[in-house]
Amino acid sequence: MEESLRDVLVMAKPAGARCNLRCSYCYYLSKTRLFPDSPAPRMPEDLLERYIQQRLQASPGPVTHFEWHGGEPTLLGLDYFRRIVEIQRLHAPADRQITNGIQTNGTLLDDDWGRFLREARFSVGLSLDGPAECHDPFRSTIEGRGTHEDVVHAFHLLRRHKVHCDILCVLHQGNVDKPVDVYGYFKQLGVTHLQFLPLAGPGAADPKLLGEFLCRVFDEWIRHDLGRIVIQLFDEALRPALGLPHALCHFRETCGDVLVLEHEGGLYACDHFVNPEHRIGSLREQPLAKLLHSPALTAFGMAKRDRLPKVCRACDVLAWCNGGCPKDRDPETNLNVMCPAYQRFFRHCKPIMARLAAHWKSGRPLSEFGKRRPRA
C-alpha cells in the first residue's frame, strides 16, 4: 500500500561535510569521519535524480521546497546546481511549484552565481556574525584568514542581483556582549531578514548574556524596525500569542520534520544528529516516502516531548520553547542549557507580543503599533 504523504523539510547535503572554511564552532565538519571513503564527497547524478523525483512524489502540497546545505554546497560548482534545476523541471508535475534554498558561507559566490540564483529563484542563507571583529576570529579559511570582507561582498552581490537573502548570525562569546553594535551593524548593512542562532558547546556565550542580548535587540526592533526587518526568533515569539504552531523546529513540541540527506544517500533524523544511532535508512535501499514513516523517526520526534522534565512542563513559557532543541539538553537532567536565556527573553517579550497579536488581529497597520489612538 502506498505511504500517505508527509510534509517535511529535507536538508540535502550533496557535498557532505566538505568545506573551504574552518569555523571554530562548526559541528558538521567532523562528519567526514563517517565517510572515510569519500575524501571529496559529491552526490552522484543518479542518486540526485532519484532524490528529486521521490521528493516531488512525496510532497503533499502544490509547492515543493528543496534545501541545499553542507559543509559548503557551492564547492560543487555552478554547473552542478544548473543540473539540479534541469532535473527538477524534468520531473515536476505540471501544476507543481518548485522553490530552492541554499545555505552558504558566501566566499565562492560571483556574478555568475548571482545571475543563476536570481533566474532560478533561489533563496540564500548567508552566514555573517556581525562586524569583522565579531566574525573573523570565529569564521576563517583553512589558512586562518578572516572571511568577513568576502561575506560582505557576497551580501552586496546578492542584493545587486535581487536574490532573497537571510543573514544567519551565530551568537557566541565574540558578539553576545555587543547587542547594540551587532544589531546596528546589520541595520547599517541593509539586512532585512535576520536569524540569530545561539551557540551551545565550545565558544558558547553565558546564557544570561545571551538572554540580555535578545532582550536588548528586541526592544530596539519593536520600537524602530517592526514591519521593516524580519527576525526569525521574534516571529517565533509571536506565534503562541496568535495561536499558531511554531515554524522553527527548535520550538516545536516534537521533532522529526527536518531531516538530513547525506551525499551517499543516508537519511538522518536531524542535522545535529548525523550519527549511526540516528540513521533512518538509505535512499539507495528504500524509497523516501517509506523512510519518512520510519518507526525510528517517529520515536525520535516524540522523545523531545516525552522526555521533558517536570520543571519544564510547569514553566510559564513552555508554549514558547517546548524545551528547546534536544541537542542543547543536558544528558542527565534533560534541561536545556539555553533555558536561562530563553526564559529571560520570552518572559520579557511575552506581554508585548500579546498586545501585538491583538493589534494584528484588529487589522491595524504594524506602523501604528505602540502609538496611542486619537480620542473620538
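Just so we're clear, the structure is a prediction, and the values are computed from it rather than from any experiment.

Caption draft 1: Highlighting the overall build of the chain. When helices and strands are counted, the chain shows 13 helices and 10 strands. Out of the 376 residues in the chain, the part that is buried amounts to 50%. Across the chain, contacts joining residues at least 24 apart in sequence account for 72% of those joining residues at least 6 apart.

Caption draft 2: Spatial organisation of helix 1 (residues 45–58). For helix 1, which comprises 14 residues, the first-to-last C-alpha distance of 20 Å matches the rise-based estimate of 20 Å (1.5 Å per residue) to within 8%. Of the positions making up helix 1, those classed as buried are Leu47, Leu48, Tyr51, Ile52, Gln54, Arg55, Leu56 and Ala58. On the buried face of helix 1, the contacting elements are strand 1 (9–12), strand 2 (63–68), helix 2 (78–91), strand 3 (97–104), strand 8 (258–261) and helix 9 (288–291).

Caption draft 3: A look at the sheet that holds strand 8. Pairing is mixed across the open sheet formed by 10 strands, whose spatial order is 7-6-5-4-3-2-1-8-9-10. Every other strand in the sheet has two partners, leaving strand 7 (230–231) and strand 10 (279–282) as the edge strands with one partner each. Here strand 2 pairs with strand 3 via 6 bridges, running parallel. Residue pairing for strand 3: Thr64 is matched across the bridge by Ile98.

Caption draft 4: Geometry of unusual backbone geometry. With omega at 15°, the peptide bond leading from Gly70 into Gly71 counts as cis. Within the secondary structure layout, Gly71 lies in the loop between strand 2 and helix 2. Positive phi values are uncommon outside glycine, yet Arg121 reaches one of about 60°. Relative to the assigned elements, Arg121 resides in the loop between helix 3 (111–119) and strand 4 (122–127). On the basis of relative accessibility, which here comes to 71%, the residue Arg121 falls in the exposed class. Of note, Lys162 is a non-glycine position whose phi angle comes to about 60°, a positive value. Within the secondary structure, Lys162 is located in the loop between helix 5 (148–160) and strand 5 (165–171). Overall, the relative accessible area of 61% leaves Lys162 in the exposed class.

Analysis parameters
- Residues numbered from 1 in each chain as written.
- Predicted model: local features only at pLDDT ≥ 70, side-chain atom pairs only at ≥ 80, totals over all residues.
- Heavy atoms only, no water.
- Helix = DSSP H or I, 4+ residues; strand = E, 2+ residues; numbered from the N terminus.
- Buried < 20%, exposed > 50% of the residue type's maximum accessible area, 1.4 Å probe, protein only.
- Contact = heavy atoms within 4.5 Å.
- Expected span 1.5 Å × (residues − 1).
- Pairing = 2+ DSSP bridges.

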